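Observations on the three-dimensional arrangement
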There are 2 protein chains.
Amino acid sequence: MKRPSGFDLESFLPYRLSVTTNRVSRAFAAHYEEEFGISIPEWRAIAVLGAFAPLSSNEICERTAMDKAKVSRAVASLLKRGLIAREPHETDQRLIQLTLSRAGRKIYEAIIPRARAIEAEVTKGLSKADIVHLHQVLDRVGARLDEIESD
Amino acid sequence: MKRPSGFDLESFLPYRLSVTTNRVSRAFAAHYEEEFGISIPEWRAIAVLGAFAPLSSNEICERTAMDKAKVSRAVASLLKRGLIAREPHETDQRLIQLTLSRAGRKIYEAIIPRARAIEAEVTKGLSKADIVHLHQVLDRVGARLDEIESD
DNA sequence: TTAAGATCGTTTCAAATGAAACGAAAGTCA
DNA sequence: TGACTTTCGTTTCATTTGAAACGATCTTAA
């Protein structure tokens with residue numbers, strides 16, 4: 001007596017989210033890499049430094065939702081290419097003050113409109129209301145995850 | 001003359017999608033690993049085999065949106081643990097017929113309701129309409145990506 | 001038939017990942 | 001002070017990843 005499972009991966013929300021999100025990420029990564037030679041972790045670091053510098057590595061972690069190892073690598077790479085500058089913190093020697101260099105700011109100012117353009121490209125089929133709603137949905141799911149993770 | 005960029009990563013859709021989706025995936029992976037000892041690629045393979053077996057590796061690729069290397073590894077691991085069985089295709093020796101073993105089907109039948117329960121848990125803050133809408137949004141974004149990728 | 005090309009699944013390789021170990025620097029508390 | 005703990009950022013390590021190379025099999029076309 002087999003109960004029909006009727007399970008369809010195609011309509012399973014976590015699967016769909018994962019597939020679509022990965023495709024979106026790949027599309028962005030391709031543009032960033034091709035046009036600016038940077039990875040997504042690097043782009044995230046530049047984005048928050050452009051808006052909030054100076055920041056410590058730890059503050060970049062918090063603002064980008066990346067773990068500290070990933071941030072450390074992104075920062076090292078950006079430093080090596082002269083896109084950001086580091087300065088010791090005046091009172092706390094553990095912290096590092098990171099800012100965009102002139103070259104880094106140049107990239108930041110070029111990359112933001114590009115990012116917005118690609119975002120617009122990807123969401124072309126969505127109305128303004130769809131996008132607002134999607135943000136709300138992500139808020140709610142995020143709140144649920146907060147609860148679930150606190151076990 | 002600095003133009004305010006006003007860019008906020010927190011409200012940048014691709015970033016939000018990525019962060020939330022990765023959290024969801026991690027939550028599922030933790031449950032699958034803990035309760036059944038399988039990874040997400042393995043779970044995907046089991047899910048499609050449970051619904052559509054027999055399948056070749058290639059058909060699993062198509063149905064799970066995983067590349068063939070990942071499928072090959074998941075299949076190898078599931079074979080080693082006796083959760084799936086392989087048979088040569090009758091006419092085409094390149095193909096492999098994969099099915100769930102008895103043990104594999106047992107896991108399948110246990111894991112589907114668990115997956116649905118976790119999905120319900122994560123989407124608890126969403127109405128039925130929210131979920132329908134989210135699926136539509138993912139459809140539209142997927143369609144846009146199809147267009148974008150065909151360049 | 002046979003040569004050339006396509007398809008299937010595995011394996012290799014280099015890069016990316018995250019958990020954990022680590023040294024250095026602050027903070028806490030007796 | 002001085003021990004203990006915490007925080008910061010780097011590095012190490014094992015695992016995962018996807019692109020590419022590969023051998024084997026099948027298809028196509030001469």
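An account of the accompanying structure is given in this report. Treat the numbers as computed from the prediction; the structure is a model and nothing was measured. (Residues numbered from 1 in each chain as written. Chains lettered and ligands numbered in written order. Predicted model: local features only at pLDDT ≥ 70, side-chain atom pairs only at ≥ 80, totals over all residues.)

Residues and elements named next belong to chain A. With an omega of 0°, the peptide bond between A53 and P54 qualifies as cis. By the secondary structure assignment, P54 is in the loop between α2 (40–52) and α3 (57–64). At A65, a position not held by glycine, the phi torsion is positive, near 60°. Turning to its location among the elements, A65 is positioned in the loop between α3 and α4 (68–80). (Helix = DSSP H or I, 4+ residues; strand = E, 2+ residues; numbered from the N terminus.)

Taken together, 18 residues form the shell around DNA strand D, and within it S56, S57, N58 and S72 of chain A together with Q93 of chain B come nearest. For the surface near DNA strand D, the element with the highest residue contribution is α4 of chain A, accounting for five residues. Here the residues of the surface near DNA strand D are counted per class, giving seven nonpolar, five polar and six charged. (Near = placed C-beta within 6 Å. Nonpolar A, V, L, I, M, F, W, Y, C, P; charged D, E, K, R; others polar.)

The next point concerns the relation of the copies chain B and chain A. Overlaying chain B on chain A yields an RMSD of 0.1 Å, the required transformation being a rotation through 180° with an accompanying axial translation of 0.0 Å. Taken together, the rotation and translation describe the operation of a two-fold axis. A high fraction, 100%, of the interface residues of chain B reappear at the interface in chain A, so the copies pair face to face through one surface. (Least-squares fit on C-alpha atoms with pLDDT ≥ 70 in both. Contact = placed C-beta atoms within 7 Å.)

With 22 residues, helix α6 (residues 128–149) of chain B extends 31 Å between its outermost C-alpha atoms, agreeing within 8% with the 32 Å of an ideal straight helix rising 1.5 Å per residue. Among the residues of α6 of chain B, L134, V137 and V141 of chain B are the ones counted as buried. The arc that holds every buried residue of α6 of chain B, seen down its axis, measures 65°, which confines them to one face. Exposed residues on α6 of chain B whose side chains face more than 90 degrees from its buried face are K128, A129, V132, A143, D146 and E147 of chain B. Residues of α6 of chain B that are buried in the fold lie against α1 (13–36), α5 (102–122) and α6 (128–149) of chain A. (Expected span 1.5 Å × (residues − 1). Buried ≥ 20, exposed ≤ 12 C-beta atoms within 10 Å, placed from the backbone. Arc of directions from axis to C-beta.)

Residues and elements named next belong to chain A. Here I96 lies in strand β2 (residues 96–100). By the C-beta count within 10 Å, which is 17 here, I96 ends up partly exposed. Between the alpha carbons of I96 and S57 there is a distance of 6.8 Å; along the sequence they are 39 residues apart. Contact partners of I96, with chain neighbours within four places excluded, come to S56, S57, R86, P88 and H89.

Turning next to α2 of chain A. Residues and elements named next belong to chain A. With 13 residues, α2 should cover 18 Å at 1.5 Å per step; its first-to-last C-alpha distance of 18 Å lies within 8% of that length. A large share of α2 lies buried, amounting to 10 of its 13 residues. Tucked inside the fold, the buried residues of α2 contact α1, α3, α4, β1 (84–88), β2 and α5.

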